[in-house]
Amino acid sequence: MSDVERRVRPDKATLANAVAERFLAVVTEAVEKRGVAHVVLTGGSMGTAFLEALGRSPNEVPWASLHLWWGDERFLPEGDGERNVTQARNALLDNLTVAPAGVHVMAASDGAAAGDVAAGASAYAAELDEAFGDALLQGEVPAFDVVMLGMGPDTHVASLFPGHEQTRAHAVSVASVTNSPKPPPERITMTFPTLNSAREVWLMVAGEDKRDAVRAASGSDDRVAHPACGVHGQVATVWWLDEAAAG
Ligand SMILES: O=C(O)[C@H](O)[C@@H](O)[C@H](O)[C@H](O)COP(=O)(O)O
């Protein structure tokens, strides 16, 4: 597990551009070396700002060799504007002229999981298992090239909320949530072992309203209380902050 490195930029827009630039370099190198790149996307305003920044030079991205995954999802009907995948489609994916190698979408509440969020989580675990086998839970092989995450003001990452049982999960790669403190209550989330199977984990945080959370998570080693402090890449852990969040 790597130590946290902070990269601070003046504001949210500059931050999103810097992350997009680094993303391009990381996936290009991954594809050159391994022929494929697996990345985990996030929602929230930072995740969307990043996709919009990437969308300003979409043709530089090796989409045909890129697998897109999500760290968490709101268990809502397909196409709901609150779903991370809908936001990603609107911000970038629907405009691509080259299809990504894989777009691995978490279950919608009206899809094959038929309203059963636990079944939705199991389906995503099976999809990950098919792609990576045991590597995820054993943490021996980096599965993802980069996992991108936002952070809530309570220090939650993905849908791992402070004090919730999913923060303690170690035997499953994906968990269901039925009592999220932030709506909607039902969600699907990758667990810590899965997020931490990445070469690089990037936490992207902007805004003064996140400053206390940044401080709390950076001073903690209790990932149940402060989930953001529990995500680490095998090669790098980068906290991308704007000046307001960094304090
Ligand atoms: O759980 C949710 O419902 C949120 O959407 C959330 O996880 C979000 O991604 C973070 O709070 C970061 O949000 P910002 O990028 O907007 O700061």
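The structure we're discussing is the one just above.
Residues numbered from 1 in each chain as written. Predicted model: local features only at pLDDT ≥ 70, side-chain atom pairs only at ≥ 80, totals over all residues. Heavy atoms only, no water.

**Thoughts on the sheet that holds strand β5 (residues 102–103)**
Part 1: Taken together, the seven strands give an open sheet; going across it, the order is β1-β10-β9-β6-β2-β3-β5, and neighbouring strands pair in parallel fashion. With one partner strand each, in any of the chains shown, β1 (4–9) and β5 form the two edges of the open sheet.
Part 2: The pairing of β1 with strand β10 (residues 236–242) spans six bridges and is classified as parallel. Within the sheet, the bridge partner assigned to Arg 6 lies in β10 and is Trp 239.
Part 3: Contacting β1, β2 (37–41), β3 (66–70), β6 (146–149), β9 (200–205) and β10, helix α1 (residues 12–34) crosses the sheet at an angle of about 165 degrees to β9.
Part 4: Against the sheet, helix α7 (residues 211–218) touches β1, β9 and β10, its axis set at about 155 degrees to β10. (Pairing = 2+ DSSP bridges. Helix = DSSP H or I, 4+ residues; strand = E, 2+ residues; numbered from the N terminus. Contact = heavy atoms within 4.5 Å. Axes fitted to C-alpha atoms, helices over the stretch in contact; angles between N-to-C directions.)

**Some details on the packing of aromatic side chains**
Part 1: Inspection of the entire model under this criterion finds six aromatic pairs.
Part 2: Relative to Phe 132, the ring of Trp 69 has its centre 5.8 Å away and its plane inclined at 45 degrees; by these criteria the two rings are tilted. Here Phe 132 lies in helix α4 (residues 117–132) and Trp 69 lies in strand β3, a separation of 63 residues in the sequence.
Part 3: Centroid distance Phe 132 to Phe 144: 5.1 Å. Interplanar angle 75 degrees. Geometry classified as edge-to-face. Taken as a pair, Phe 132 in helix α4 and Phe 144 in the loop between α5 (135–138) and β6 lie far apart in primary sequence, 12 residues in all. Note on accessibility: Phe 132 and Phe 144 belong to one class, buried.
Part 4: An aromatic cluster is present here, built from Trp 69, Tyr 124, Phe 132 and Phe 144 joined pairwise through their rings. (Phe/Tyr/Trp six-rings, centres within 6.5 Å; stacked < 30°, edge-to-face > 60°. Buried < 20%, exposed > 50% of the residue type's maximum accessible area, 1.4 Å probe, protein only.)

**A look at the pattern of salt bridges**
Part 1: Applying the stated criterion across every chain, the model contains nine salt bridges.
Part 2: In this structure, the salt-bridge partner of Asp 145 is Arg 34, at a minimum N-O distance of 2.6 Å. A residue pair is termed long-range when its members are at least 10 positions apart, and Asp 145 in the loop between α5 and β6 and Arg 34 in helix α1 qualify at 111 residues.
Part 3: By relative accessible area, which is 4% here, Asp 145 ends up buried.
Part 4: Relative accessible area serves as the criterion here: at 39%, Arg 34 is assigned to the partly exposed category.
Part 5: One salt bridge connects Asp 212 with Arg 215, and the closest N-O pair in it is separated by 3.4 Å. You can see Asp 212 and its partner Arg 215 sitting in helix α7, three residues apart, about one turn around the helix. Here the two residues Asp 212 and Arg 215 agree in accessibility, since each one is exposed.
Part 6: A single salt-bridge network, built from bridges that share partners, covers Arg 34, Asp 145 and Arg 199. (Salt bridge = Lys/Arg side-chain N within 4 Å of Asp/Glu carboxyl O.)

**What about the pairing of β9?**
Part 1: Across the six residues of β9, six count as buried, placing the element largely inside the fold.
Part 2: What you see with β9 is no split at all: Glu 200, Trp 202 and Met 204 on one side and Val 201, Leu 203 and Val 205 on the other are buried throughout.
Part 3: In terms of strand pairing, β6 meets β9 through four bridges, oriented parallel. The residue of β9 that forms the bridge with Met 148 is Trp 202.
Part 4: Sheet topology note: the β9/β10 ladder contains six bridges and is parallel. By the bridge assignment, Val 205 is partnered in β10 with Leu 241.
Part 5: Handedness of the crossover joining β9 and β10 through α7 is recorded here as right-handed. (Right-handed = clockwise from strand over helix to strand, strands pointing away.)

Coordinates in, geometry out; function isn't part of it.
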